[in-house]
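Coordinate analysis (summary)
Residues per chain are reported as follows:
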Amino acid sequence: MSKRKADNEMATAAQKSNPADSIQIVGDITINKSKPLEEYQKLINTRVAVDQIVDDAVTKENFRKIAAAARDVIWQILFSDDAVAAAESQKLASDVLEEYKGDACFYEPWAYNEWIVKLRDELLKREQLDFWRDTIVKKQLGPCWSRDSDLFDSDDVPPLEFYAHAGCVAPFAASLKVRAAEKAASGDEDPTAVALDRSNSNAAALTSDFDATISMEQPLGDYRDLMKRYVLTTCIVPDEIQKKNIDKIGNATRAIIWKLLFEGTPTQVEFDNAAELLQEYKGDAGFYGPWDYNEWIVKLRDEVLQRQMLDFWGQKMVPMELGPCCARDSDYFDNMDELPLEFYDKAGFKAPFDPSKD
């Protein structure tokens, strides 16, 4: 979720010309259900995200009232008696919810974080699982945290539990930083052995002197071990050396995925192993640097289609969104960047997030 810029590029020239003394605390606000996103954006752009110097108390109070109206209209759209959260209603609610979370992360996340739990519970109670999975989980619209708001720091606990319902997990659950923190907290290993192993790994990481070996039998476990040892170090590694370590592991990862898929006749286990590793690798690429992944994944797709491996394409790559990293899964992109819709538009498939998809 991108953070709102102080200089709001969405505001029109007319909105920006409002004199500062015209920005007052708004009265009671309601947002119409027919065009909630447009009305919400207009209120934010004219009463909160303005270029003029405005008293902080006015800005905060205006956002508080607009946010309350946004919460009300989202609730009405999703849970009113005359609508069973049809596709059109879900789209309206999704658009304004995504926009509201972005602003809440910048201006004031606490009310959002409290309310979104209530929204989740109501969705699950009513078994509105499509909206839960396709909007709340996939778009990461749970509580704001350090990944999407400067009002939190890296010591705050990621909201993993929020997403752990109806068979879902947080999209960022595979994040190496989160996983490493959970492992460190478990305390299952002998401290002396762990300290010695970590010392040796740190020394190798500082020189990039290690073999990036990933086996066919347990590729995901081997990959995670390499990343834990030589990227998630407990010492300060110079940026250029860390990049070298990440590149070395990335090269080995791409090679083993290619081997799993295209050497001989792949078994179902090898298909599953390749998909799991590919998903993990994409998540880390989105965090550490997506460019090599984004270039290579096109070549992988083309080879998969050339070999007519449509089960892997249609059952793994497309529904798991294993195409190029984009604003949906990497902070290296923002909402102004185009989504990779064309990547998935092959062999009769479309991207799961394609707005034209039925």
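Residues numbered from 1 in each chain as written. Predicted model: local features only at pLDDT ≥ 70, side-chain atom pairs only at ≥ 80, totals over all residues. Heavy atoms only, no water.

**Comments concerning helix α14 (residues 310-317)**
Every buried residue of α14 is listed here: Phe-312, Trp-313, Gly-314, Lys-316 and Met-317. For α14, the secondary structure elements touched by its buried residues are α11 (239-262), α12 (268-288), α13 (291-306) and α15 (341-344). (Buried < 20%, exposed > 50% of the residue type's maximum accessible area, 1.4 Å probe, protein only. Helix = DSSP H or I, 4+ residues; strand = E, 2+ residues; numbered from the N terminus. Contact = heavy atoms within 4.5 Å.)

**Some words on the packing of α12 against α13**
Where α12 contacts α13, the axes come no closer than 11 Å and their chain directions differ by 150°. When the axes of α12 and α13 are compared, the pair comes out roughly antiparallel. Facing α12, whose interface residues are Leu-278, Tyr-281, Lys-282 and Ala-285, α13 presents Tyr-293, Trp-296, Ile-297 and Leu-300. (Axes fitted to C-alpha atoms, helices over the stretch in contact; angles between N-to-C directions. Parallel < 35°, antiparallel > 145°, perpendicular 65-115°, else oblique.)

**Some words on the packing of helix α10 (residues 219-230) against α11**
Each pair of packed helices can be described by the angle between their axes along with the distance between the axes. Packing of α10 against α11 brings their axes to within 10 Å, and their N-to-C directions diverge by 175°. Considered as vectors, α10 and α11 are oriented roughly antiparallel to each other. When α10 is examined against α11, the residues Pro-219, Tyr-223, Leu-226, Met-227 and Tyr-230 are found in contact with a partner set consisting of Asn-245, Ile-249, Thr-253 and Leu-260. Here the residues of the contact of α10 with α11 sort into seven nonpolar, two polar and no charged. (Nonpolar A, V, L, I, M, F, W, Y, C, P; charged D, E, K, R; others polar.)

**Focus on the pattern of salt bridges**
Two side chains carrying opposite charge are able to pair once their charged atoms lie near each other. For the structure shown, the criterion picks out 18 salt bridges. The partner of Arg-224 in a salt bridge is Glu-280, with the nearest N and O atoms 3.0 Å apart. Residue Arg-224 is located in helix α10, and its partner Glu-280 is located in helix α12; the two are separated by 56 residues in the primary sequence. Arg-224 gets classed as partly exposed once you look at its relative accessible area, which sits at 33%. A salt bridge links Glu-321 to Arg-328; the shortest N-O distance between them is 3.2 Å. The exposure class assigned to Glu-321 is buried, which follows from its relative accessible area of 12%. For Arg-328, a relative accessible area of 21% translates into the label partly exposed. Through salt bridges that share partners, Arg-120, Asp-121 and Glu-161 make up one connected network. (Salt bridge = Lys/Arg side-chain N within 4 Å of Asp/Glu carboxyl O.)

**Describing the packing of aromatic side chains**
Given two aromatic rings, one states the distance between the centres and the angle between the planes to describe the pair. Following the criterion strictly, the structure yields 24 aromatic pairs and no others. With a centroid separation of 5.3 Å and 65° between ring planes, the pair formed by Trp-291 and Phe-333 is classed as edge-to-face. Here the residue Trp-291 occupies a position in helix α13, and Phe-333 occupies one in the loop between α14 and α15, the gap between them amounting to 42 residues. Counting every residue linked through ring pairs, the aromatic cluster contains Tyr-40, Phe-63, Tyr-100, Phe-106, Tyr-107, Tyr-112 and Trp-115. The positively charged end of Lys-248 is found above the aromatic ring belonging to Phe-210, 4.4 Å away from the centroid. (Phe/Tyr/Trp six-rings, centres within 6.5 Å; stacked < 30°, edge-to-face > 60°. Lys NZ or Arg CZ within 6 Å of the ring centre and 35° of its normal.)

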